[in-house]
Amino acid sequence: MAMSFAKPKQQKEPQADPGIHCAVCVGVWDLGLQAPSGAFAGGKPSEKVMLAWENQEGILITADYTRVIDAWKDKEGNIQQTKLKKHLESWFAPKKIEDPALFDARKLLGQHCQLVVSHTNGGYAKIDAITRPDKDKMNWTPTREFMYYEIGDEMPQGTPNWIISRINSRIDPQAASGEENQDQPKAQQASGSVVPGQKVPF
């Protein structure tokens, strides 16, 4: 049976304005196996990861991604790139992801970038693109502690309530397959020693 956390009260977080934002990655959360929603409801569940950045106004900007960075072919046989792969490679250009197995999400913490933000019909900020920042826009640090979570960890302090709710809503892959539940290994917690400007995560 999957670990569950106390269900928090829902509250809308402050949203970043549409436009370009200088930001630093401050959070990475494993969302586990998630059922698709919206236009994709009823589709195949997929492993998801949530990334969060803090902009210079102290606002948290988030995006969730399917945890796959391999290219795939559409129905016409055309090679397509996943959104996570596109965003990572534009963020760390000209570096390319040659071996997806080497990708280390923990190393995203502390990395500066520029986010292109727009709003959904519901007024929520969404990320359209991520690019490398100019060097003169990297001389600041975020106010939040870095947060890193994998299924089985203790929840990092400062994790927004609605992200906890997403993790609580995950599908237990062992229960879905009828396998006997086993304890999940506990991953290392993120530490304050992570600093901006570290090596590319792939």
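Use the structure listed above.
Cut-offs and rules
- Residues numbered from 1 in each chain as written.
- Predicted model: local features only at pLDDT ≥ 70, side-chain atom pairs only at ≥ 80, totals over all residues.
- Heavy atoms only, no water.
- Helix = DSSP H or I, 4+ residues; strand = E, 2+ residues; numbered from the N terminus.
- Buried < 20%, exposed > 50% of the residue type's maximum accessible area, 1.4 Å probe, protein only.
- Contact = heavy atoms within 4.5 Å.

> Could you give an account of the environment of Pro18, with specific residues and numbers?
Position of Pro18 among the secondary structure elements: in the segment before strand E1 (19–34). Since its relative accessible area comes to 52%, Pro18 is described here as exposed. Each C-alpha atom, one on Pro18 and one on Ala125, is 7.3 Å from the other, the two residues being 107 residues apart in sequence. Aside from chain neighbours lying at most four places away, what touches Pro18 is Val117, Ser118 and His119.

> Kindly report on unusual backbone geometry, identifying the contributing residues and their values.
Following Ala93, the chain continues to Pro94 via a peptide bond in cis, the omega torsion being 5°. Tracing the backbone through its elements, the reader meets Pro94 in the loop between helix H1 (83–91) and strand E6 (112–119).

> Give a detailed account of H1, specifying residues and quantitative values.
All of the buried residues along H1 are Leu84, Lys85, His87, Leu88, Glu89 and Trp91. Those residues of H1 that are buried are in contact with E1, strand E2 (46–55), strand E3 (60–66), E6 and strand E7 (125–131).

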